[in-house]
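As a plain string of letters, each chain reads:
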Amino acid sequence: MEKQILATKKLWRKPLDAEKIKLPEAQIYIIKDRCKGCGYCIQFCPKEVLEESEEINARGVHPPKVKDPSKCALCGFCTAICPDLAIYVVEKTSEKKEEEKNERKE
Ligand code: SF4
Ligand code: SF4
């Protein structure tokens, strides 16, 4: 049963106009020291955006890290499912994009 749930949880659908429509970029915030390492956000993210990090937080567990932010669909499921309110996702603002561009230049 568990296998069946895991097999169906990923978003397999792709819109026909996926190549034409530009999706908003996501900014994912992880409050590392709040995380209790349950792994729900990693396991249930439909786009496989997150993975376990190597680091150990204040609670002695491995918090998640962002593997591929470009895949994030801003669905908010990770935020909804996190028992400790340790992760949230917002649309990246143009200021943030500019900031990142400048950081890359330096
Ligand atoms: S908002 Fe959705 S797609 Fe993005 S990281 Fe969270 S669960 Fe994954
Ligand atoms: S769901 Fe929340 S507490 Fe669980 S691993 Fe993800 S960030 Fe940590």
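Remember, predicted model here, so these are calculated numbers, not experimental data.

**Q** Outline the overall build of the protein chain, listing residues and values.
**A** On a plain count of helices and strands, the protein chain comes out with four helices and four strands. A buried classification covers 21% of the 106 residues belonging to the protein chain. Counting only contacts in the protein chain whose residues sit at least 6 apart along the sequence, the fraction spanning at least 24 positions is 61%. Per element, the accessible surface of the protein chain, about 8100 Å² overall, is 53% carbon and sulfur.

**Q** Outline the environment of Glu91, listing residues and values.
**A** The topology assignment puts Glu91 in strand S4 (residues 87–91). Here the alpha-carbon distance between Glu91 and Leu23, two residues 68 residues apart in the chain, equals 9.9 Å. Not counting chain neighbours up to four residues away, the residues in contact with Glu91 comprise Pro24, Glu25 and Leu74.

**Q** For the pattern of salt bridges, give the residues involved together with the corresponding values.
**A** The final tally for this structure, using the stated rule, is six salt bridges. Close ionic contact of Lys92 with Glu25 constitutes a salt bridge, the shortest N to O distance being 3.6 Å. Here the residue Lys92 occupies a position in the loop between S4 and helix H4 (94–105), and Glu25 occupies one in the loop between helix H1 (2–8) and strand S1 (26–30), the gap between them amounting to 67 residues. Looking at Lys92, the relative accessible area reads 12%, which means it is buried. Measuring nitrogen to oxygen at the nearest pair gives 2.6 Å for the salt bridge that ties Arg59 to Asp84. Of the two residues, Arg59 sits in the loop between strand S2 (50–52) and strand S3 (64–66) while Asp84 sits in the loop between helix H3 (77–81) and S4, which places them 25 residues apart along the sequence.

The rules behind these values
Residues numbered from 1 in each chain as written. Chains lettered and ligands numbered in written order. Predicted model: local features only at pLDDT ≥ 70, side-chain atom pairs only at ≥ 80, totals over all residues. Heavy atoms only, no water. Helix = DSSP H or I, 4+ residues; strand = E, 2+ residues; numbered from the N terminus. Buried < 20%, exposed > 50% of the residue type's maximum accessible area, 1.4 Å probe, protein only. Contact = heavy atoms within 4.5 Å. Areas by Shrake-Rupley, 256 points an atom, 1.4 Å probe, with all protein chains shown as cover. Salt bridge = Lys/Arg side-chain N within 4 Å of Asp/Glu carboxyl O.

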